[in-house]
Amino acid sequence: MRVDESVGTVARLYTTVTKGFALREVEHIQVTASGIVGNREFFLVDVDERLYSVPKDPIFLDCWTTYDPIAKIFRVGRRTVVDCEAELRPVGPVRPFQFDERMVEGRWTPGPWDAWFSDLAGRNLRLVRCAEPGGGGDVHPVTLVSSASLASLGCELDGRPVDGRRFRLNMTLDLGPHPYREDALADRAMVVGDCALRVARGIPRCLAVEHRPYDGDRRFQVQRRIRDVRGSTPDESGPAVLFGMYASVVSPGGVRVGDRVALMS
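Since this is a predicted model, take the numbers as computed values, not measurements.

Cut-offs used in this document
Residues numbered from 1 in each chain as written. Predicted model: local features only at pLDDT ≥ 70, side-chain atom pairs only at ≥ 80, totals over all residues. Heavy atoms only, no water. Pairing = 2+ DSSP bridges. Helix = DSSP H or I, 4+ residues; strand = E, 2+ residues; numbered from the N terminus. Salt bridge = Lys/Arg side-chain N within 4 Å of Asp/Glu carboxyl O. Buried < 20%, exposed > 50% of the residue type's maximum accessible area, 1.4 Å probe, protein only. Core = buried A, V, L, I, M, F, W, Y, C linked by side-chain atoms within 4.5 Å. Contact = heavy atoms within 4.5 Å. Axes fitted to C-alpha atoms, helices over the stretch in contact; angles between N-to-C directions. Phe/Tyr/Trp six-rings, centres within 6.5 Å; stacked < 30°, edge-to-face > 60°.

Undergrad: Is there a simple way to think about the pairing of strand 10 (residues 103-108) in this case?
TA: Successive residues of a regular strand alternate their side chains across the two faces of the sheet. Where strand 9 (residues 91-98) and strand 10 come together, 5 bridges link them in antiparallel fashion. By the bridge assignment for strand 10, Arg 95 is matched with Gly 106. Where strand 9 folds back onto strand 10 in an antiparallel hairpin, the turn is made up of 4 residues. Bridge analysis of strand 10 against strand 11 (residues 126-130) gives 3 bridges, and the strand direction is antiparallel. Following the sheet pairing, Gly 106 is matched in strand 11 by Cys 130.

Next up, the structure:
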């Protein structure tokens with residue numbers, strides 16, 4: 001393949017150490033074949049050992065986690081307060097855990113955070129670390145959307161632009177003034193920074209997007225807004241509310257804010 005046409009730049013990058021927790025805006029990411037290093041490296045499971053995340057409970061959306069791989073320190077907090085921290089000590093062998101659509105390999109990582117998570121959610125929860133970098137992603141390891149698509153949704157009830165963090169996407173790309181240009185990139189390969197991706201398909205949006213990231217408020221009906229703006233769009237299983245695109249990794253590499261986005265042929 002050769003680089004064929006520049007189509008835009010990287011506007012924003014987001015990651016979250018633990019699936020279902022607050023997103024962090026970053027300047028640089030490292031993309032591997034299995035996902036983004038440090039993104040969704042951890043996830044919570046319920047007593048049935050199945051994934052426990054936003055569609056089940058948005059309570060952790062304004063909570064954050066960090067992990068220092070050198071010191072091996074895992075931290076949990078809300079806003080500016082660190083609520084618990086300790087050295088991470090995974091236990092037991094790598095084993096499969098049930099996500100909604102697939103199995104994910106991981107290891108138990110017990111610590112004081114298990115009690116903190118459980119107290120906040122009102123049920124027994126445990127923390128698991130993925131066996132592969134970025135292994136806690138969705139159907140595909142990378143997600144993206146264009147700035148124009150986000151802008152097309154207008155404003156929240158408080159007058160502020162719709163918060164892109166609702167959609168929990170990794171890359172926001174400037175692809176020009178026309179919304180949903182990323183949809184036309186399906187099945188196309190493109191260079192983003194130093195990595196190459198293949199855009200896969202649209203992302204069906206579930207009830208998780210209805211929760212405002214910083215307080216969980218649900219009065220603004222995002223799925224309805226998407227339908228009003230662009231209508232219902234076809235998916236593999238029929239009509240769906242699609243917003244953003246999945247992408248697979250063609251070749252690993254780093255991506256920075258401001259990097260060029262170019263199609264390949």
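Undergrad: Just checking my understanding: could you explain the pattern of salt bridges for this structure?
TA: Note on pairing: side chains with opposite charge can pair once their charged atoms come close. Inspection of the entire model under this criterion finds 16 salt bridges. Notably, a salt bridge pairs Glu 156 with Arg 166, separated by 2.7 Å at the nearest N-O pair. Of this pair, Glu 156 sits in the loop between helix 2 (147-151) and strand 13 (171-174) while Arg 166 is found in the loop between helix 2 and strand 13, placing the two residues 10 residues apart along the sequence. For Glu 156, a relative accessible area of 6% corresponds to the buried category. With a shortest N-O distance of 3.0 Å, Arg 219 and Asp 217 are connected by a salt bridge. Three or more residues joined by partner-sharing salt bridges are found here, namely Lys 19, Arg 40 and Asp 138.

Undergrad: Looking at this structure, I do not really get the nonpolar core. What am I missing?
TA: The nonpolar side chains of soluble globular proteins are, as a tendency, buried together. If you look at the biggest cluster of nonpolar residues, it comprises 24 residues, and the most contacted ones within it are Val 31, Met 171, Met 190, Val 192 and Val 255. Of all the elements in the fold, those that place two or more residues in this core are strand 1 (3-15), strand 3 (28-32), strand 12 (142-146), strand 13, strand 14 (189-192), strand 15 (195-204), strand 18 (242-251) and strand 20 (260-264). Filtering out sequence-adjacent residues up to four positions away, Met 171 remains in contact with Arg 12, Leu 13, Ile 29, Val 31, Val 142, Thr 143, Leu 144, Val 145, Val 192, Leu 197 and Val 255. With 18 residues, the next largest nonpolar core counts Phe 42, Phe 60, Trp 113 and Trp 116 among its residues.

Undergrad: Help me understand the sheet that holds strand 8 (residues 81-87), please; the structure alone is not making it clear to me.
TA: Two strands in a sheet stick together by hydrogen bonds in their backbones, pointing the same way (parallel) or opposite ways (antiparallel). Taken in spatial order, the 3 strands line up as 6-7-8 in an open sheet, and their pairing is antiparallel. Of all strands in the sheet, those bounded by a partner on one side alone are strand 6 (63-68) and strand 8. Pairwise comparison of adjacent strand axes, ignoring direction, gives a mean angle of 15° for this sheet. For strand 7 (residues 73-78) and strand 8, the ladder comprises 6 bridges, and the chain directions are antiparallel.

Undergrad: I'm lost on the packing of aromatic side chains in this one. Help?
TA: Any two aromatic rings considered together are summarised by their centre-to-centre distance and by the angle between their planes. Enumeration over the complete set of coordinates arrives at 12 aromatic pairs. Ring geometry for Trp 116 versus Phe 117: centroids 5.9 Å apart, planes at 75°, classification edge-to-face. Its relative accessible area of 17% is what places Trp 116 among the buried residues. Plain terms: the ring middles of Phe 167 and Phe 243 are 4.4 Å apart, the flat faces sit at 35° to each other, and that makes the pair tilted. Of the two residues, Phe 167 is situated in the loop between helix 2 and strand 13 and Phe 243 in strand 18; the sequence distance between them amounts to 76 residues. When sorted by exposure, Phe 167 lands in the same class as Phe 243, which is buried.

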